[in-house]
Amino acid sequence: MRTVNAWTLSYDGFDPAEEGLREALCTLGNGYLATRGSAPESRADGVHYPGTYAAGVYNRLADTVDGRTVENESLVNLPDWLPLTFAAVGGEWCADAEGLDQWLELDLRRGVLTRRWRVRDAAGRTTTVTQRRFVHMRHEHLCGLQTTFTPENWSGRLRVRSSLDITARNLGVVRYRGLADAHLRSLSAEPVDAQRLLVVVATTQSHIRMAEALRTSVLRSGAQLDVPREVVREAGRLGHELIVDVTAGEPVTVEKLVAVYTSRDRAISDPATAALDRLAWAGDFDDLLAEHVLAWRQLWRRFRVSLRGTDHGALGTVRLHLFHLLQTMSPHSADLDAGVPARGLHGEAYRGHVLWDELFVFPILNLRTPHLSRALLRYRYRRLPEARRAAREAGYAGAMYPWQSGSDGREESQRLHLNPMSGRWVADPTHLQRHVGLAVAYNVWQYYQVTGDRVFLDEYGAEMIIEVARFFADLATFDRVKDRYIIRGVMGPDEFHTGYPDAPDRGVDNNAYTNVLTAWVMRRALDTLQLLPDGRRIELAESLGLRTEEPERWEEISRRMYVPMHDSVISQFEGYERLAEFDWDGYRSRYSDIRRLDRILESEGDSPNRYQLSKQADVLMLLYLFSADELAELFARLGYRLEPHTIDRTVEYYVRRTTHGSTLSAVVHAWVLARNHREQALKYFLEALRSDVADVQGGTTAEGVHLAAMAGSVDVLQRCFAGIETRDDALWLNPYWPPTLGTFDFDMRYREHPLTLRISGAGIQVTAGAGQQPPVRVCCRGQSVLLHPGQAVEFPEPAL
Ligand code: BGC
């Protein structure tokens, strides 16, 4: 049974069918590496799946599928540092003994996973085992597992094996099985001295070396015990077997400490030396634990959220979402040149690739730890040359960011994917989602709005915005009949529409989301040029070979982009409304879950391209990224009137036609319904909270958490329900707070001000921390206030 409390996620009992999900949700990480919450005595066996991943450690392997060579780059499953198994001398290993009960608790506040279980062997010897583990939040190279054994009804000798497993392969996603999965070769696996063992491996293609050094010690009543130990090698594992005398009722503790380094790390000589050195001066488990807990406390101070007056499950889940975000992106990732893997460092879905999901993750980091959101932008900046190359090869100017990005920023999207329902490999043209580049530009602008960091804009941001703008300006063509600019052959966020029924893999024309965002980016590119100091503007224009007519074209596109509409509804793309209506009732009665209609229809020889349906929010993304006012202004500039009823009709039209086959969809729907349909918005918000804890997609969370839905659900609270906007050099508050959510308190940073916000049905209060910063402008319901450090301002909810 699963319970979520304000600071804990706990499980009572063991359910093999849920083990993969539990492992993903109990993952511990620190932004440098993460390890799934697998049982230390387990191996990958169809129930358990041990996995350890380090940010940015990728490797490529090739396969032949359907006669075609396909190459995939994957985040590599690294040697498992957890293995620890035990047996009474003469008895069977614990994995083969009878598990009597198990209780597991993930402590979100302290970043500790605790497991308590009782095991009885065939001879009736029962042992209580308590295990605690951390992946250190201050010392990012250290991981620890502490196991305390208390024999209940026996005394004798206990065998304990503490090992490193170098057999790791990428086997975490059933759909990828059959494709190459062996990313590592072993370079050495040797004891170093009486206490320490060292394993060194390398990835087969990217040649990243990685070392894990292990020290195992035994303690009784807090004192180290010197026990007989021998080196054991078995089935790809190198370990120590220790023999410990135990007495009924007397606890004895085995501590396993592991140091992990890779050749991507800075300030080291080589990974093996670094790992051994690090272990040499590491304290014992309890000392390290105290430092780890302190690091988490500090992190939680920055990411403080509290919800009072509502049930603790919601608050606990919000914290669980922040927790997993911070385990993927932490201060330790700032320097790692790693983006946001869509499924965290928690599993192997999407092969650890970086997609547009960072759009949903970005605001949470940006409003608290802008050095981390900046790090994400730097990841993109470093891959600007590759994006330029991709644009050139496709025949365009500027930079074309890939839909899926990995180590070097080339397009990593698969070209074929397996439909598990039909067993067929089908074409996958999702790389046509060019909108990812627009998301990069959008994030650059948000970073600048929140931080006012001109240096970043000058040095990196401007170049990205301009290169993205150039690409889209080139992608757009002028249509004489429409007398407007159009964009053909792309995919919008809705992955169910890969093309038109007669040209299924060639994309659609005039995806409204892409077109409107293109118009927006054109303006931001013009603004950016204005913002740059003269010298830098000239320098950048020179080095980019920017022609004087280019900004003129941006200006023109920002006013003349085509946006398809029908019956006062923004069309998802040109011709969407002419597609067939879908038989929703029929399919709902035939299938218990129709989220992945693409798979269902393909298995029936049909295709979603024929119908008016959507996997996820597409047009509605516009209302997620822009306030109604901003959108109306964008449309007005384009020469369209966006009537309030157009927004309502558009929302209503797509809500009825969306299957929510992506967890992102609930986040966006909560958002867009917040203004006028509060009850429905709450329903979607609660659905977004359930995405991973309840594994709403039926099996996908085991392959990694949905980081964008996790971060996005928290963002619904802060930017949607609390209505925070950062634009035009001011902080705007436009709250639509559902009173049933009680009182929400959180901290954020805006333009170097630490701010505390409190929102409830009664209104919103903003308090600025003390400091020397210049005041910031706060606008709410027609009022505009200059907030100085140390001051507070309150905007009561207007009486109805
Ligand atoms: C969604 C994409 C998303 C990806 C990774 C897909 O199901 O359609 O929008 O980027 O998952 O989260």
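Predicted, not measured: the structure shown is a model, and the values here were computed from it.

1. Focus on the UniProt feature "binding site: substrate" (unreviewed entry) in the protein chain
Following the UniProt record, one finds the feature "binding site: substrate" (unreviewed entry) at W356, D357, K615 and Q616. Along the polypeptide, W356 turns up in the loop between α4 (312-328) and α5 (358-366). Non-local contacts of W356, meaning those with residues more than four positions away in its chain, are made with W403, H435, V436, P493, Y513, Q616, M621 and L664. Following the sequence through the fold, D357 ends up in the loop between α4 and α5. We classify D357 as buried; its relative accessible area is 11%. Beyond its immediate chain neighbours, meaning those up to four positions away, D357 contacts A342, L664 and A708.

2. Some remarks on the site of the ligand
Within the structure, the ligand sits among A342, Y350, L355, W356, D357, W403, E495, K615, Q616, S662 and L664. Interatomic distance of 2.9 Å between a side-chain N/O atom of W356 and an oxygen atom of the ligand. The side chain of K615 places a nitrogen or oxygen atom 2.8 Å from an oxygen atom of the ligand. For the ligand, whose unbound accessible area comes to 310 Å², protein coverage reaches 93%. By residue class, the composition of the shell around the ligand is 6 nonpolar, 2 polar and 3 charged.

3. Quick look at the nonpolar core
In terms of nonpolar packing, the biggest core is built from 231 residues, with W356, F360, W554, M621, F721 and L733 touching the most fellow members. Those residues in contact with M621, other than ones at most four positions away along the chain, are W356, L359, F360, P493, Y513 and V668. Ranked by size, the runner-up nonpolar core spans 20 residues in total, among them F134, L257, A275 and L279.

4. Some remarks on the sheet that holds strand β21 (residues 305-308)
If you walk across this open sheet you meet the 5 strands as β21-β30-β31-β32-β35, and the pairing is antiparallel. Of all the strands in the sheet, the pair left with one neighbour each is β21 and β35 (792-796). For this sheet the average axis-to-axis angle between neighbouring strands, irrespective of direction, equals 15 degrees. Of the pairings in the sheet, the one linking strand β30 (residues 743-750) to strand β31 (residues 753-760) comprises 7 bridges and is antiparallel in character. Considered in β31, the bridge of M748 is made with L755.

5. A short note on the pattern of salt bridges
Enumeration over the complete set of coordinates arrives at 66 salt bridges. As a salt-bridge pair, R196 and D193 come within 2.8 Å of each other at their nearest N and O atoms. Each of R388, E463, E467, R470, R547, E549 and E550 takes part in salt bridges that share partners, so that together they form one network.

6. With respect to the sheet that holds strand β33 (residues 776-780)
Pairing between sheet strands relies on hydrogen bonds along the backbone, with the strands arranged either parallel or antiparallel. An order of β28-β29-β33-β34 is seen for the 4 strands of this open sheet, with the pairing classed as mixed. Since the sheet does not close on itself, it has two edges, and those belong to β28 (724-727) and β34 (783-787), each with one partner. Strand after strand, the sheet turns through a mean of 25 degrees between neighbouring axes, direction not considered. With 3 bridges joining them, strand β29 (residues 730-733) and β33 adopt parallel strand pairing. Within β33, the residue paired with W732 across the bridge is C779.

7. Focus on the environment of V455
Mapped onto the secondary structure, V455 falls in helix α9 (residues 454-475). Given a relative accessible area of 58%, V455 falls into the exposed group. Sequence separation of V455 and L532 is 77 residues, and the distance between their C-alpha atoms is 9.7 Å.

8. Examining the packing of aromatic side chains
Aromatic ring pairs: the centre-centre distance and the angle between the two ring planes describe each pair. Evaluation of the coordinates by the stated rule reveals 35 aromatic pairs. Arranged with centres 5.4 Å apart and planes meeting at 45 degrees, the rings of F456 and Y460 form a pair that is tilted. With F456 and Y460 both in helix α9 and 4 residues apart, this pair spans about one turn of that helix. Consider the rings of Y624 and W671, whose centres lie 4.6 Å apart with planes at 70 degrees: the pair is edge-to-face. Note that Y624 is positioned in helix α15 (residues 621-625) and W671 in helix α18 (residues 664-673), a separation of 47 residues in sequence. Overall, the relative accessible area of 8% leaves W671 in the buried class. Each member of the aromatic cluster is reached from another via a ring pair, and the members are W356, F360, W403, Y513, Y624 and W671. Positioned above the aromatic ring of W154, the side-chain terminus of R125 is 6.0 Å from the ring centre.

9. Considering the environment of Y640
By the element assignment, Y640 lies in the loop between α16 (628-637) and α17 (644-655). Overall, the relative accessible area of 15% leaves Y640 in the buried class. A sequence separation of 350 residues divides Y640 from A290, and the C-alpha atoms of the two residues are 60 Å apart. Y640 has contacts with R484, M561, Y562, V563, M565 and F635, leaving out every residue within four places of it along the chain. Here R484 takes part through its side chain, which lies 3.1 Å from a polar atom of the side chain of Y640.

10. Some points on unusual backbone geometry
Excluding glycine, most residues fall at negative phi; most peptide bonds, likewise, are trans. Phi at D483 is positive, roughly 60 degrees, even though this residue is not glycine. Summarising the element assignment, D483 is placed in the loop between β24 (477-479) and β25 (484-486). Overall, D483 belongs to the partly exposed group, its relative accessible area being 41%. For D567, which is not a glycine, the phi torsion comes out positive at approximately 45 degrees. Among the secondary structure elements, D567 is positioned in the loop between β26 (565-566) and β27 (569-570). The class of D567 is exposed, set by a relative accessible area of 57%.

11. Brief notes about the UniProt feature "domain: Glycoside hydrolase family 65 central catalytic" (unreviewed entry) in the protein chain
Taking the UniProt record as the reference, the feature "domain: Glycoside hydrolase family 65 central catalytic" (unreviewed entry) is found at residues 319-714. Annotated as 51% helix and 5% strand, the span residues 319-714 places its first and last C-alpha atoms 9 Å apart.

12. Description of α17
Given a rise of 1.5 Å per residue, 12 residues ought to cover 16 Å, and the 17 Å separating the end C-alpha atoms of α17 matches this to within 8%. Listing the buried residues of α17 in full gives T646, I647, T650, V651, Y653, Y654 and V655. On its buried side, α17 packs onto β26, β27, α15, α16, α18 and α19 (678-693).

13. Observations regarding helix α12 (residues 549-560)
Taking 1.5 Å of rise per residue, the 12 residues of α12 would be expected to cover 16 Å, and the 16 Å separating its terminal C-alpha atoms lies within 8% of that figure. Taken together, the buried positions of α12 are occupied by E550, P551, W554, I557 and S558. Seen from one end, α12 has its buried residues packed into an arc of 115 degrees, which puts them on one side. Structurally, α12 contributes buried residues whose contacts are with α9, β25, α10 (512-531) and α16.

The rules we used
- Residues numbered from 1 in each chain as written.
- Predicted model: local features only at pLDDT ≥ 70, side-chain atom pairs only at ≥ 80, totals over all residues.
- Heavy atoms only, no water.
- UniProt positions renumbered as here; feature names shortened; annotations may be inferred.
- Helix = DSSP H or I, 4+ residues; strand = E, 2+ residues; numbered from the N terminus.
- Contact = heavy atoms within 4.5 Å.
- Buried < 20%, exposed > 50% of the residue type's maximum accessible area, 1.4 Å probe, protein only.
- Near = heavy atom within 4 Å.
- Polar contact = N/O pair within 3.5 Å; in protein donor to acceptor, adjacent residues only side chain to side chain.
- Areas by Shrake-Rupley, 256 points an atom, 1.4 Å probe, with all protein chains shown as cover.
- Nonpolar A, V, L, I, M, F, W, Y, C, P; charged D, E, K, R; others polar.
- Core = buried A, V, L, I, M, F, W, Y, C linked by side-chain atoms within 4.5 Å.
- Pairing = 2+ DSSP bridges.
- Axes fitted to C-alpha atoms, helices over the stretch in contact; angles between N-to-C directions.
- Salt bridge = Lys/Arg side-chain N within 4 Å of Asp/Glu carboxyl O.
- Phe/Tyr/Trp six-rings, centres within 6.5 Å; stacked < 30°, edge-to-face > 60°.
- Lys NZ or Arg CZ within 6 Å of the ring centre and 35° of its normal.
- Expected span 1.5 Å × (residues − 1).
- Arc of directions from axis to C-beta.

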